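These are the residues of each chain, in order.
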Amino acid sequence: MLYEKLILSKIKNNSDLPCLWLENDYLSYENINNICLNLSNELLSLNLSKGDRVILLIKNSPEYIITFLSLLKLGVIAVPIDHNSSQDRINYLIENTNAKIILYKIDNKIEYDISIPKYEIKLDFLEKQIFLDNKKLAQKNSEINIEITEEDTAVIMFSSGSSGRPKGVILKHRNLFQSASNVSSVMNFSDKHKELVINPMCHSGGWQRIPATLIVNGSIHIYDGLLSTIGILEDIKKYEITGFFSTPPILRALLNIKKDTVCENVKSIKILEIGSASFSEVEIENLQKIFKNANIFIHYGLTESSRAFILDTNKYPNKLKTVGKESPTVKSQIVDENFNFLPKNNSGQIIIKGNQTTENYWNLYEEEKFRDGWLLTGDYGVIDDDGFLTYLGRKDDMINFGGFHFFPDEVEKELGPIEGVKKYTISGVKDLKGVMGQVPAAFVVPEDPDNWTQKNFIINAKKSLPSHMIPRHVIQVPDLPLTSSGKVDRKNTVLLYYKQ
Amino acid sequence: MNIDEIKNKIKSFLINEMPNNDFELNDSTDLLNEWFLDSFGIINTIMFLETEFSISVSRSEINGDNFANLNSISVYILNKL
């Protein structure tokens, strides 16, 4: 179903439409279709059938996209996993999904002990040939006729599992199509769109840009090699990239480079999407000065409901503290702890429904996550009179400072960038005096540790924060650990640096 | 500057700025697979090398050979000076 919309429908009008780039060579939509047909037929011969699960242990590469599309064609369910995953996580996913095989392409030295059949996927880009375990797959001309509906499951995306075991988010063909359609329509992707993929495609943030690009007949360039700001800038300029999605840390690294150098390299960028973590108003304005030809979009979403809210920063310059309005088909509400809908301008938990939203987890029933057709996000926020959502933070991250409830993201947004501070994060820590329950703490990486004092940080905080939000501890740290999706890992930060 | 001085500077940066309690950092510790916790390890290391040694790192030089371990980065820097 999704495969037809992304690939097959494009071939009828233009057989040589570029789809996937490798430097200055490309595979057309027709080439991709032929390669997918060959791979799908071979996978059928491995006794895979509709509804089976297949683990994708594939690094960002053309092979990832081709394999994913081939599984869509067969109605086989993809289970993507980060190619740097631990043995324990791989074992868990194999067992949990009862996966039949693993398809892999990795380039690190880690040897995995895999208990089910595994096959290496390799593409000869120039020859337009796909190989499975070094076997060149024969050209197939017969179409595969497996009936797939929009209600069939396309993928199970496992969350990074910051609390407990990873949870498998079931996304149907309908969910993926709606997310892709929302991204491309709200952000005005055109058929000239040329996407640079820098985020891992095994996560929702990175993957959803691929179908969004294919829907509009755009083309894709995948960042290759070790990730660096120099490399990103070089790729953008060399391949005339028009759009990309990034998490804040990479953009903050770009903001640290000489402004003229960045400006010179990013002239072709028309669409920049930021997601997954908070980004302050000042930082957005700084990016606008660098990405002069681009419209910057901020999204709020989670794997369960990708890009549920999107902010068009050009269109709504006075709403930069929000994460925008509902995407097409999305309905949202703010509820209190008893699931009562709250009026506008009241803070509470964000609940969502819509065509792109999952309805359940794989092999797991979570009563507190789904109710009356709504997804309970576990995130807190406020919706204003104009329908714009301000994201306050994760329920798990909420700080309870002697009865004052607030979120680290709120504090970070209010504080914004601080002179002399490379980066910082706010988190609630246990009040060792036992009075307040929790107190806010700042974990700070200074620009120049020898000439920096905690006092400077507090002076800044006092200027912009109400008293209960001012960090009671300011802890100097060498770096902030990140999660696999590029967000600051607050829990690990506290574990590493806060001695209780 | 000799190779040991370069190595000590980089080692000190990696230990202080990117601590990793799971591994010991020696000349041959596999940085890409063991030491760096995420892709930002490379980004931050490149920024440090450019500032500390006043060099310019090009895209083609950011590869698994030059950034494999402390020894290979130090040799790479020495050749750039």
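Numbering of residues starts from 1 in every chain and runs along the sequence as written. To label them, take the chains in the order written and letter them from A, then take the ligands in the order written and number them from 1. Local features are withheld for residues below a pLDDT of 70 in this predicted model, meaning they are given only at 70 or higher, and side-chain atom pairs are given and counted only at 80 or more; totals for whole chains, interfaces and linings count all residues. Values shown for side chains rest on all heavy atoms present in the structure; no hydrogens or waters enter the calculation.

1. Looking at the environment of V411 of chain A
All names here are of chain A.
- Secondary-structure assignment places V411 in helix α12 (residues 408–415).
- Only protein chains enter the accessibility calculation, which uses a 1.4 Å probe. A residue is then buried if its area is under 20% of the maximum for its type, exposed if over 50%, and partly exposed in between. Among the residues examined, V411 registers a relative accessible area of 0% and is labelled buried.
- On a C-alpha basis, the gap between V411 and S464 in space is 9.3 Å, while along the polypeptide they are 53 residues apart.
- Apart from the residues lying within four places of it in its own chain, the contact partners of V411 are F406, I426, L465 and M469. For helices the rule is a DSSP run of H or I covering at least 4 residues; for strands it is a run of E covering at least 2, with both sets numbered from the N terminus onward. Contacts: residue pairs with any heavy atoms within 4.5 Å of one another.

2. Re the sheet that holds strand β12 (residues 219–222) of chain A
All names here are of chain A.
- A pair of strands counts as paired when DSSP detects no fewer than two bridges linking them. Spatially, β2-β1-β12-β11-β13-β14-β15-β16-β17 is the arrangement adopted by the nine strands of the open sheet, whose pairing is mixed. Strand pairing shows two members of the sheet lacking a second neighbour, β2 (25–28) and β17 (325–326), which therefore form its edges.
- Pairing of strand β11 (residues 194–197) with strand β13 (residues 243–246) involves two bridges; the strand directions are parallel. Residue pairing across strands places L196 opposite F244, the latter belonging to β13.

3. With respect to the interface of chain A and chain B
- Opposite the 24 residues of chain A that make contact, chain B presents 23 residues.
- A simple way to read buried area is as the amount of 1.4 Å-probe accessible surface that goes missing from two parts once joined, with both sides added. Contact between chain A and chain B buries roughly 1,800 Å² in total, counting both sides, with carbon and sulfur atoms accounting for 61%.
- Three residues, L226, L227 and I230 of chain A, lead the burial of chain A against chain B; their summed loss comes to 31% of the area buried on that side.
- In this structure, the salt-bridge partner of D235 of chain A is R59 of chain B, at a minimum N-O distance of 2.8 Å.
- Among the elements of the structure, α8 (229–238), α9 (248–255), β25 (421–430) and α14 (490–497) of chain A are those that each provide at least two residues to the side of chain A that touches chain B.
- When residues in the side of chain A that touches chain B are grouped by element, the largest group, five residues, is from α8 of chain A. Any Lys or Arg side-chain nitrogen located within 4 Å of an Asp or Glu carboxyl oxygen qualifies as a salt bridge.

4. Remarks on the pattern of salt bridges
Residue and element names in this part refer to chain A.
- Counted by the stated rule, this structure contains 26 salt bridges over all chains.
- One salt bridge connects D152 with K50, and the closest N-O pair in it is separated by 3.0 Å. Remark: K50 occurs in the loop between α2 (29–44) and β3 (53–58) and D152 occurs in the loop between β8 (135–136) and β9 (153–158); sequence separation between them is 102 residues.
- Exposure remark for K50: the relative accessible area of 39% places this residue in the partly exposed category.
- Two residues, E264 and K267, come together in a salt bridge whose shortest N-O distance is 3.3 Å.
- Several salt bridges converge on common partners, so that one network encompasses E151, K172, R174 and E359.

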